Amino acid sequence: MGGSFVLHRIGVATATIVAIVMLNFVLFRLMPGSPERVILHGTPRVTPELLEATRERWGLNDPLFPDQFVKYVSATVQGDLGYSFVARGQTVTAVLGQRIWPTILLFGLGEIVAIAVGLALGAYSGWRRGGVIDYIGNGVSLLLYATPYFLLGMVLLLLFGVALRWFPTFGMTTAGASYDGPLDALADLGLHLALPLATVALGLIGQYAIVMRSSIVETLSEDYITTARAMGLRDGRILRAHAVPNALLPTVSLVAINLGYVVAGAITVEVVFNWPGLGTLTVEALQARDYPVLQGVFLLLSISVVLANLLADLVYGLLDPRVRT
Amino acid sequence: MRSSFRARLARILAASALALAAGAPAAVQTTAADPLILRAGTDQDLQVLNPFSSILVVDFEVFTLNYDLLLNFGADLEPVAGFADDWDASADGLTWTFHIREGMKWSDGTPATSADALYTFQLILDATERSNASEEGFYLGAGYLEGYHTNAGVIAASAPDPQTLVVETEFASQLLLQAYVPILPKHIWSEYSLDEIGSAEGAEPFLNEPPVVGTGPYVAVEWKPGEFIRFARNPEYWGERGAADEVILLTFESADTMVQALKTGGVDYVRGIQPEQFEALQSEPDIAVVEGISNGYSEIAFNTYSRGAIPGGGASTTALQDPAFRDALAWAVDQERLVEVTLGGHGAPGDTNVPPYHTRWHVTPDRPRTFDLEEAKRRLDAAGYPLDGEGRRLDNEGKPIVLRVTWPDSEAEHAIDAQLIQEWWSSIGVGVDAYVTEEGKLLEDLLPPEGGGLANFDIELWGWVGDPDPTSLLNVLRSEEIGSFSDSFWENDRYDELFLLQRAEADEATRLGYIAEMQNLFYDEAPYIILYYDAELHAYRTDKFDGWSLQPSEGGTPLFGYGSIGYTKLTDANAEPTPGPTATTGPSAEPTPAPSGDGGTGGTDQSTLVVAVVVLVGIGAVAIFLLRRRSGSTEEE
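The residue numbers shown here count from 1 along each chain, following its written sequence. Each chain is given a letter, starting from A, and each ligand a number, starting from 1, according to the order in which they appear as written. Under the rules for a predicted model, residues below a pLDDT of 70 receive no local features and side-chain atom pairs below 80 are neither given nor counted, while totals for whole chains, interfaces and linings still include all residues.

S.K.: How do you make sense of the overall build of chain A when you look at a structure like this?
M.R.: Only DSSP runs of H or I covering at least 4 residues are called helices, and only runs of E covering at least 2 are called strands; the numbering of each starts at the N terminus. Of regular secondary structure, chain A possesses 13 helices and zero strands. Counting helices and strands in the order they occur from the N terminus, chain A gives α-α-α-α-α-α-α-α-α-α-α-α-α. Once C-beta atoms have been placed from the backbone, residue pairs whose C-beta atoms lie within 7 Å are recorded as contacts. Considering only residue pairs separated by 6 or more positions, chain A has 71% of its internal contacts joining residues 24 or more positions apart.

Structure follows, in structure tokens:
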């Protein structure tokens, strides 16, 4: 039953998110340094009276359960993640809101390019196993897969940014630039996007091509491929109509799960190119001990992994009816 | 259904790729009237425009660009004309009269008068009064600026006429002339309450977002938190004009990326680079490096808490309360080697708590120590810390001494210091248990009972950074600071007395005598061992701006010193030699259109083409793939 399958998956995802929200509550209280210290970070003269007043004001003298827990959960549900320590006076949701779009742009485009190129390369390599394309493609894929993002990013930066001067090496736009029109602005963005986008895409291409290749190779030994061959279908037709759709299944889950790791992967690429997204925000927050922001990033990251998994399950269900039981 | 969706997606993608490609060739056209932009990179976050929230060096840089101090800092940190252009003290030194410059205007055209200065002084007086009246204290934002007025003894201010500000002080002191407090525009700030300005809990904080109204040489016109703050020339500025039409301060999370940006000309100045990057930049064309001395130090702080045992906390041995024991340990620290290994040679071995940066106040100790392990052993023996059969030093209770040495995780280089210290001290029989502590936790561990903590540590490695006047660095070791700033809990009546004497002393020679005695007391008793004075490593491009001047003129840096003087001295390196100053007709303070052909993207037309091609190929691949899938599946249906 399709309906109950979907409901079940959504139920599991919801339960996971609830568990994450609760874990977030516990983590904040397990952190080194008591919360009132963290709240007062930066205040030079801390008297016992000030500490006590702060504890009172933040409800830290209330029992952990149920009082503090209920307050925390109801605030989180309403999207109230508290205030950033560093961006004084700004809410965590506002800070996250400013920084999420650059990350989505960078990794969204990166995923699209990587899916297109990676899957095509993997499918072709698997199909022409042992051929020149497979030989080179597989080697390059392995190399890209094994290279950490920051290294790949630095190499691209030094080559195309510093040595050849083709692209700017940092930021999302030229600071202080004004544009003749939207296309002008878009071109500036495109130039800044090129190197980080290439880094993300190349890193993912390796991964996708390898999985797609092995999946195709496996599929080729299936009976229905032999049958298709026996029917006299053309090679390209067999690949596109029979091999690829079946081989896509493991790749789909890989891609979907990868979507969830956008923030995690963002950190190194964004730091290398000073891209103003969630990755650089995480590093800033870590260095400045901005715990509310870190808590917010953690929540966002966990929820995106859960949602991506849910998406993978649902897409899988669509592609392969056998799963829907 | 599925395939028609794919086809639509493919068409959209193809169309947007075309649009991008069509737009690209028109991309970067630079006009002749490009403003000259100075871009300076820093490793610190740009999160603050309200001066009272300032904590980091860059925060202070931001507000001294926006605003004048009552008196600014000169090339050698001496008081020079700022918001006031003349000043005078009464015979008893208790009343200061400041003359406010005539005809001066805020960047929005409003006249700037003594009413603005009075407003600023009164704001801090109100905050201090409120802090004294309440048990829990009250701080204006981060609480770092009030001290400049309270330490100068400010008790009242008045403005008898628009050009005169009169300040009454509790004691005679020169400190008011060095107050790091910006004079704020009353017509803007008086609309906000003390709670809003001070970001008090529960109040909507006043962030002072752009466009900022100031009297400084540049005013903030655009702010992208975590990215950059852009400043435009203040058209009303009264002082010397630097060549830059705009100043942009940028944040970098990675020092490598920042250094690469300097190489490509993406930024013109960088602060906060590593020793190895410093070495590498020395051979780059059109780049100059500068090694300034830091107004601060890194230290070993001993837990000397002597007001009784702390149940569940405190130091592991009473030996730490003994000056002779601390002195002996100091003989077993090779500072030259620490500078070599930890700082890569960029820095100087430390001695007193007033760094040599303060050329007028620093003294070398009368009884200096050297690195001498044998001498250290002799002194430990003489002070009554004998060795046991296993070669371990015993304290007065006959317990082997094993010292817990820790440092904050934010200062990773102290791990190297700790390792070396462990080697040296174990060779004289003193055990060391070295470990890193999360900064937030360490801040808590360092608090004595007076501050609501347990002082649960033996030795910590950390550092302090000072002001143009040594008062704040001297203050850290006062016994009155036990419970707030003091992290060694050292108590010395003479030192405390001298602190008050020097603070209230108008005569420089007499004051130096007090400060010299304080430094010697500090050095001999060794509540801290000053490990080293770190260096400030900066680098800048020489092909765009000229006139880089150091502050202080010996051992200083061009920017990120004290105040905005470095920015006002810059000249255009590519200017035709013309008789007049380069930029007397600056653009307005409004966000100026600033197309920038100087963003370091040489050969932009070519690169535009390349990016268009890359994106086009990527998107085209998706489109073709999806379209072919579509045709495949229709064939099947």
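S.K.: I'm lost on the overall build of chain B in this one. Help?
M.R.: Counting its secondary structure elements, chain B contains 18 helices and 20 strands. Buried residues are those with 20 or more other C-beta atoms within 10 Å of their own C-beta, exposed residues have 12 or fewer, and partly exposed residues lie in between; C-beta atoms are placed from the backbone. A buried classification covers 50% of the 637 residues belonging to chain B. Long-range pairs, those at least 24 residues apart, make up 71% of the contacts in chain B with a sequence separation of at least 6.

S.K.: Could you clarify how one ought to interpret the pairing of strand S16 (residues 431–437) of chain B in this entry?
M.R.: Residues and elements named next belong to chain B. At least two bridges found by DSSP between two strands is the condition for calling them paired. One ladder, built from seven bridges, connects strand S15 (residues 402–408) with S16; its direction is parallel. Paired with Val402 across the strands is Gly431, a residue of S16. Where the polypeptide runs from S15 across helix H12 (residues 414–426) and back to S16, its parallel neighbour, the crossover connection is right-handed. Throughout, right-handed denotes a crossover for which the path from the first strand over the helix to the second runs clockwise when the strands point away from the viewer.

S.K.: Help me understand unusual backbone geometry, please; the structure alone is not making it clear to me.
M.R.: Negative phi characterises most residues that are not glycine, and trans characterises most peptide bonds. All names here are of chain B. With an omega of 0 degrees, the peptide bond running from Pro210 to Pro211 counts as cis. Secondary-structure assignment places Pro211 in the loop between helix H6 (194–197) and strand S8 (218–224). Residue Pro552 is reached from Gln551 by a cis peptide bond, and omega for that bond is -5 degrees. Examined against the element boundaries, Pro552 turns out to sit in the loop between strand S19 (545–546) and helix H17 (565–568).

S.K.: Teacher, can you tell me more about the sheet that holds strand S6 (residues 154–161) of chain B here?
M.R.: By way of backbone hydrogen bonds, the strands of a sheet pair with one another, either parallel or antiparallel. Residues and elements named next belong to chain B. Strand order in the open sheet formed by four strands is S4-S5-S7-S6, and the pairing between neighbours is antiparallel. Because the sheet does not close on itself, it has two edges, and the strands there are strand S4 (84–89) and S6. The average angle at which neighbouring strand axes cross in this sheet is 20 degrees, direction not considered. Both S6 and strand S7 (residues 164–169) contribute to a ladder of five bridges, which runs antiparallel. Following the sheet pairing, Asp161 is matched in S7 by Thr164. Lines fitted to C-alpha atoms define the axes, with helix axes restricted to the stretch in contact, and inter-axis angles between N-to-C directions lie between 0 and 180 degrees. With respect to the sheet, helix H3 (residues 114–133) is in contact with strand S5 (95–100), S6 and S7, its orientation differing from that of S6 by roughly 160 degrees.

S.K.: Can you walk me through H3(B) in this structure?
M.R.: Because each turn of an α-helix spans 3.6 residues, side chains separated by three or four positions end up pointing in the same direction. All names here are of chain B. By definition here, a helix of n residues has an expected span of 1.5 Å times n minus one. Relative to the 28 Å expected for 20 residues at 1.5 Å per residue, H3 spans 28 Å between its end C-alpha atoms, a close match to the ideal helical length. Residues Ser114, Asp116, Ala117, Leu118, Thr120, Phe121, Leu123, Ile124 and Ala127 constitute the buried set of H3. Contact partners of the buried residues in H3: S5, helix H4 (146–150), S6, S7, helix H5 (186–189) and H6.

S.K.: Looking at this model, I keep getting lost on the pairing of strand S10 (residues 246–251) of chain B. Mind explaining?
M.R.: A regular strand places its side chains so that they alternate between the two faces of the sheet. Residues and elements named next belong to chain B. Among the six residues in S10, six count as buried, and that is most of the element. The side-chain alternation of S10 yields two buried faces, one formed by Glu246, Ile248 and Leu250 and the other by Val247, Leu249 and Thr251. Bridging between strand S1 (residues 37–42) and S10 involves six bridges; their strand directions are parallel. The partner of Ala40 across the bridge, within S10, is Leu249. Where strand S9 (residues 228–233) meets S10, five bridges bridge the pair, whose relative direction is antiparallel. In the sheet register, Phe231 faces S10, and the bridge partner there is Val247.

S.K.: Explain the packing of helix H5 (residues 92–127) of chain A against helix H12 (residues 278–288) of chain A here, please?
M.R.: Packed helix pairs are characterised by how far apart their axes lie and by the angle those axes make with each other. Residues and elements named next belong to chain A. Axis separation between H5 and H12 bottoms out at 7 Å; the angle between their running directions is 135 degrees. In this view, H5 runs oblique relative to H12, as classed from their interaxial angle. Between H5 and H12, the residues in contact are Arg99, Ile100 and Thr103 and Leu278, Gly279 and Leu281, respectively. Ten residues, namely Ala, Val, Leu, Ile, Met, Phe, Trp, Tyr, Cys and Pro, are considered nonpolar, four, namely Asp, Glu, Lys and Arg, are considered charged, and the remaining ones, Gly among them, are considered polar. The residue inventory of the contact of H5 with H12, partitioned by class, reads three nonpolar, two polar and one charged. Orientation categories follow fixed angle ranges, with anything under 35 degrees roughly parallel, anything over 145 roughly antiparallel, 65 to 115 roughly perpendicular, and all other angles oblique.

S.K.: Sorry, what's going on with the confidence of the model for chain B here?
M.R.: Low pLDDT means the predicted coordinates in that region are not meant to be read closely. Residue and element names in this part refer to chain B. Of the residues in chain B, 85% reach a pLDDT of 70 or more, and the chain-wide mean stands at 85. Confidence of the predictor at the level of single residues is captured by pLDDT, which takes values from 0 to 100. Confidence drops under pLDDT 50 across residues 630–637; counting only partners more than four residues distant or on other chains, this segment forms eight contacts. Across the assembled chains, the prediction reports ipTM 0.81 with pTM 0.80.

S.K.: I tried to follow the environment of Phe371(B) on my own but got confused; where do I start?
M.R.: Residue and element names in this part refer to chain B. Examined against the element boundaries, Phe371 turns out to sit in the loop between strand S14 (347–349) and helix H11 (373–382). Between the C-alpha atom of Phe371 and that of Asp334, which follows or precedes it by 37 residues, the distance is 5.2 Å. With near-sequence residues (within four places) excluded, Phe371 lies in contact with Val333 and Asp334.

S.K.: Explain helix H13 (residues 291–319) of chain A here, please?
M.R.: Over its 29 residues, H13(A) extends 41 Å from the first C-alpha to the last, a length consistent with the 42 Å expected when each residue adds 1.5 Å. For H13(A), the set of buried residues is Tyr291(A), Pro292(A), Val293(A), Leu294(A), Gln295(A), Gly296(A), Val297(A), Ala308(A), Leu310(A), Ala312(A) and Asp313(A).

S.K.: Is there a simple way to think about the packing of helix H15 (residues 493–503) of chain B against helix H16 (residues 508–525) of chain B in this case?
M.R.: Residues and elements named next belong to chain B. Viewed as axis vectors pointing N to C, H15 and H16 meet at an angle of 155 degrees, and their least axial separation amounts to 9 Å. In terms of their interaxial angle, H15 and H16 are classed as roughly antiparallel. The crossing of H15 and H16 is left-handed. Residues Arg494, Tyr495, Leu498, Phe499, Leu501 and Gln502 of H15 form the contact with H16, whose own contacting residues are Arg511, Tyr514, Ile515, Glu517, Met518, Leu521 and Phe522. Across the contact of H15 with H16, the residue classes tally to nine nonpolar, one polar and three charged. Should the near helix be turned anticlockwise from the far one by less than a right angle, the crossing is left-handed, and should it be turned clockwise, the crossing is right-handed.

S.K.: Is there a simple way to think about the confidence of the model for chain A in this case?
M.R.: All names here are of chain A. On average, residues of chain A score 81 in pLDDT, and 85% of them reach the 70 mark or higher. For chain A, the element scoring lowest by mean pLDDT is helix H2 (residues 35–39), at 54; helix H7 (residues 149–163) scores highest, at 91. In this model residues 41–45 is a low-confidence stretch, pLDDT under 50, and it forms 13 contacts with partners more than four residues away in sequence or in other chains.

S.K.: Looking at this structure, how should I read the environment of Ser90(B)?
M.R.: All names here are of chain B. Secondary-structure assignment places Ser90 in the loop between S4 and S5. With 13 C-beta atoms counted inside 10 Å, the residue Ser90 sits in the partly exposed group. For the pair Ser90 and Glu168, spaced 78 residues apart in sequence, the C-alpha to C-alpha distance is 9.9 Å.

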